[in-house]
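# Summary of the model geometry
Okay, here's what each chain looks like letter by letter:
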Amino acid sequence: MSVNINELFSSVKIESLKGMSDVEINNIHFDSRKVEEGDLFVACRGTVSDGHKYIASVEEKGVKVVVCEELPEVTNSEITYIIVEDSLTVLSELAHNYYGKPTHDIQLVGVTGTNGKTTIATLLYRLFKKLGYKVGLLSTVRNYVDEKEIAATHTTPDPLQLNALLADMVAEGCEFCFMEVSSHAIDQKRIGALQFKGGIFTNITHDHLDYHKTFDAYLKVKKRFFDDLGKTSFAITNADDKNGKLMLQNTKAHKFLYSSRSFADFRCKILEKHFTGMLMEIDGVETWTNFIGDFNAHNLLAVYAAARLLNQEKEEVLRGISELTSVDGRFESIISPEGIMAIVDYAHTPDALKNVLETIEALRTRNEHVITVVGCGGDRDKTKRPTMAKISANLSDKVILTSDNPRSEEPDQIILDMKEGVDASDLRKVLAITDRKEAIRTACMLAQKGDIILVAGKGHEDYQEIKGVKHHFDDKEVIQEIFKL
């Protein structure tokens, strides 16, 4: 798709321009390997490499325009150089402009927080499908352009992929899009130019400190999403999270609270809990749901609040919520012919793991044993490893520490890091089995009728990353094979 740079930069602030301003370009890239003749290249300073280092190589490929924060020492008279203050911000703006400003034609709602993003975004997508709309979804598990499924490689795609997907949704006639917004995406300005109809905050706990370094920095990045919402948007926050109200402190959007414990615009209460679901009171109406756990009560309430603020009828929303089922890898249960229950959950943070184990604890009759299989990812926040092992040992009868995605690290070392958090009195409960399949098999062998096995950490993922290679591995498949289902 050819476009003139005058049109492309019409709303973009630039510092200076060297070369011709009336230039047609074919495509936009920030990855030098993808550049072709006639393209525009944006040199971005990333966490791994600096795009300015590759300007010479894209010039050799016949690039027409280079966007950069500083001119190369040697310039080419046939190339237009556009100097900007921040290439990452400009990349988002150019991507939005190039794809026809798609968020002006679709109601986009972003969901951010540590836990619950995938569940809320996916349930909103499913609910609005039930309500008869064409809808888009951008999530960790998968992306949808209405009915068409597109593989998800990141929680939030890069600005070019993101705007291309949104443009496809607009072309397909989608009226709404529900999107997970990761802290990385906010920090790296991938969502910079997007116009959000609304934002939802779930909660914030210990995560991604390998990237953000401190909890305060992580908190501020999440808050920035709400700070940037416009006056015509809505902002919904979880009043039961101690940082929930902080998120809305400086937003220009219309503010709303949801809570299961205190006064709020949207309220719920759990009336009955069962392993098959829970009876809730949502906005004063009793509603059966196919979900369990206090964390899912908050997720469903956030879904309800967003749907109501998107002008959907109360009765239709509650009816739709009562028909929704769990999201892949989120408290998914599998029962063996012998009556052993295995639960697969994506819980990979201390708070998420604690929520799942406390939910199991609240439902068990104390005759069952709880066996937890858990690991921690390599090349990620190491500080949460001992905490996750400690939580598992405190809330389980038996724990098997194993591999998650070790990536470039040694799996045995990750397990040793985890084991350091286990209280001396709980060490007798803990086994270490590096091979994840063997760990799950051992848990199934130890379990008896009525026992509950929690396999935590990977959820929907169908791979295990070891030394840079992704091998097929699916917790649910392994359990079904062992259970002979």
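Scroll up to find the structure this text is about.
To start, this report covers the structure provided alongside it.

Here is what the cut-offs are and how they apply
- Residues numbered from 1 in each chain as written.
- Predicted model: local features only at pLDDT ≥ 70, side-chain atom pairs only at ≥ 80, totals over all residues.
- Heavy atoms only, no water.
- Helix = DSSP H or I, 4+ residues; strand = E, 2+ residues; numbered from the N terminus.
- Rg over C-alpha atoms; globule rule 2.2 N^0.38 Å.
- Buried < 20%, exposed > 50% of the residue type's maximum accessible area, 1.4 Å probe, protein only.
- Contact = heavy atoms within 4.5 Å.
- Areas by Shrake-Rupley, 256 points an atom, 1.4 Å probe, with all protein chains shown as cover.
- Lys, Arg positive; Asp, Glu negative; His and termini not counted.
- Charge placed at Lys NZ, Arg CZ, Asp CG, Glu CD.
- Axes fitted to C-alpha atoms, helices over the stretch in contact; angles between N-to-C directions.
- Parallel < 35°, antiparallel > 145°, perpendicular 65-115°, else oblique.
- Nonpolar A, V, L, I, M, F, W, Y, C, P; charged D, E, K, R; others polar.
- Core = buried A, V, L, I, M, F, W, Y, C linked by side-chain atoms within 4.5 Å.
- Pairing = 2+ DSSP bridges.
- Disulfide = S-S within 2.5 Å.
- Left-handed = near helix turned anticlockwise from the far one by under 90°.
- Polar contact = N/O pair within 3.5 Å; in protein donor to acceptor, adjacent residues only side chain to side chain.
- Salt bridge = Lys/Arg side-chain N within 4 Å of Asp/Glu carboxyl O.

## A word on the overall build of the protein chain
The secondary structure content of the protein chain amounts to 16 helices and 26 strands. The C-alpha atoms of the protein chain give 24 Å as radius of gyration, which agrees with the globular expectation for 485 residues (23 Å, within 12%). Judged by the C-alpha coordinates and their principal axes, the protein chain covers about 80 × 50 × 40 Å. Looking at the protein chain as a whole, 55% of its 485 residues qualify as buried. Of the contacts formed within the protein chain by residues at least 6 apart in sequence, a portion of 65% connects residues at least 24 apart. Of the roughly 21,100 Å² of accessible surface on the protein chain, 47% is carried by carbon and sulfur atoms. Treating the 59 positive side-chain charges of the protein chain as one cloud and the 74 negative ones as another, the clouds have centres 4 Å apart.

## Considering the packing of helix H12 (residues 350-363) against helix H13 (residues 384-394)
When two helices pack together, their arrangement is given by the angle between their axes and by how far apart the axes lie. Two elements in contact, H12 and H13, have axes whose closest approach is 9 Å; the angle formed by their N-to-C orientations is 5°. Taken as axis vectors, H12 and H13 run roughly parallel relative to one another. Contacts between H12 and H13 involve Pro 350, Leu 353, Lys 354 and Leu 357 on the former and, on the latter, Lys 384, Thr 387, Met 388, Ile 391 and Ser 392. Of the residues in the contact of H12 with H13, the class split is five nonpolar, two polar and two charged.

## Digging into the nonpolar core
The biggest cluster of nonpolar side chains holds 40 residues, and the ones touching the most others in it are Phe 128, Ile 200 and Ile 321. A total of ten residues in this core trace back to one element, the largest contributor, which is helix H10 (residues 294-309). Once you skip the residues sitting within four places of it in the chain, Ile 200 turns out to touch Val 109, Gly 110, Val 111, Thr 112, Ile 120, Leu 124, Phe 226, Ile 236, Tyr 258, Ala 302 and Ala 306.

## A word on the sheet that holds strand E2 (residues 16-18)
Taken together, five strands build an open sheet; the order of strands is E2-E7-E6-E5-E4 and the sheet is mixed. Unpaired on one side and paired on the other, E2 and strand E4 (28-29) mark the two borders of the sheet. Of the strand pairs in this sheet, strand E6 (residues 65-68) and strand E7 (residues 80-83) are connected by four bridges, and their pairing is parallel. Pairing of Val 66 across the sheet is with Tyr 81, part of E7.

## Here we look at the sheet that holds strand E19 (residues 332-335)
Adjacent strands of a sheet form backbone hydrogen bonds with each other and so pair up, either parallel or antiparallel. Reading across the sheet, the six strands line up as E19-E20-E24-E21-E22-E23 and stay open at both edges, with mixed pairing between neighbours. Of all strands in the sheet, those with a lone pairing partner are E19 and strand E23 (430-432), marking the two edges. The average angle at which neighbouring strand axes cross in this sheet is 20°, direction not considered. Where E19 lies against strand E20 (residues 341-345), four bridges are found, and the strand directions are antiparallel. Within E20, the position partnered with Ile 334 by the bridge is Ala 342. Sheet contacts for H12: E20, strand E21 (370-374) and strand E24 (452-456); angle to E24, the most-contacted strand, approximately 170°.

## Points about the state of the cysteines
What the rule picks out here adds up to zero disulfides. Free of any disulfide, Cys 174 has its nearest cysteine sulfur in Cys 177, 7.8 Å distant.

## Some details on the packing of helix H15 (residues 436-446) against helix H16 (residues 475-482)
One way to put it is that H15 packs onto H16 with a least axis distance of 10 Å and a crossing angle of 45°. Taken together, the axes of H15 and H16 are oblique relative to one another. Crossing angle aside, the handedness with which H15 passes H16 is right-handed. Each of Arg 436, Lys 437, Ile 440, Arg 441 and Cys 444 in H15 lies in contact with H16, whose residues at this interface are Asp 475, Val 478, Ile 479, Glu 481 and Ile 482. Classifying every residue of the contact of H15 with H16 gives five nonpolar, no polar and five charged.

## Overview of the side chain of Thr 103
Take Thr 103: it is sitting in the loop between helix H3 (87-98) and strand E8 (107-112). In terms of polar contacts, Thr 103 uses its side chain to reach the side chain of His 96, at 2.7 Å. In this structure, Thr 103 is in contact with His 96, Leu 108, Leu 166, Ala 193, Leu 194 and Gln 195, ignoring residues within four places of it in sequence.

## Focus on the pattern of salt bridges
Under the criterion given, the structure shown has 33 salt bridges. The residue Glu 361 makes a salt bridge to Arg 364 at a minimum N-O spacing of 3.1 Å. On the basis of relative accessibility, which here comes to 11%, the residue Arg 364 falls in the buried class.

## Re unusual backbone geometry
In the Ramachandran plot, Asp 379 falls in the positive-phi region, its phi being about 60° despite a non-glycine side chain. Here Asp 379 shows up in the loop between E21 and H13. Assessed through its relative accessible area of 33%, Asp 379 is described here as partly exposed. With a phi close to 55°, Lys 484 is a non-glycine residue in the positive phi region.

What is shown is where atoms sit, not what they do.
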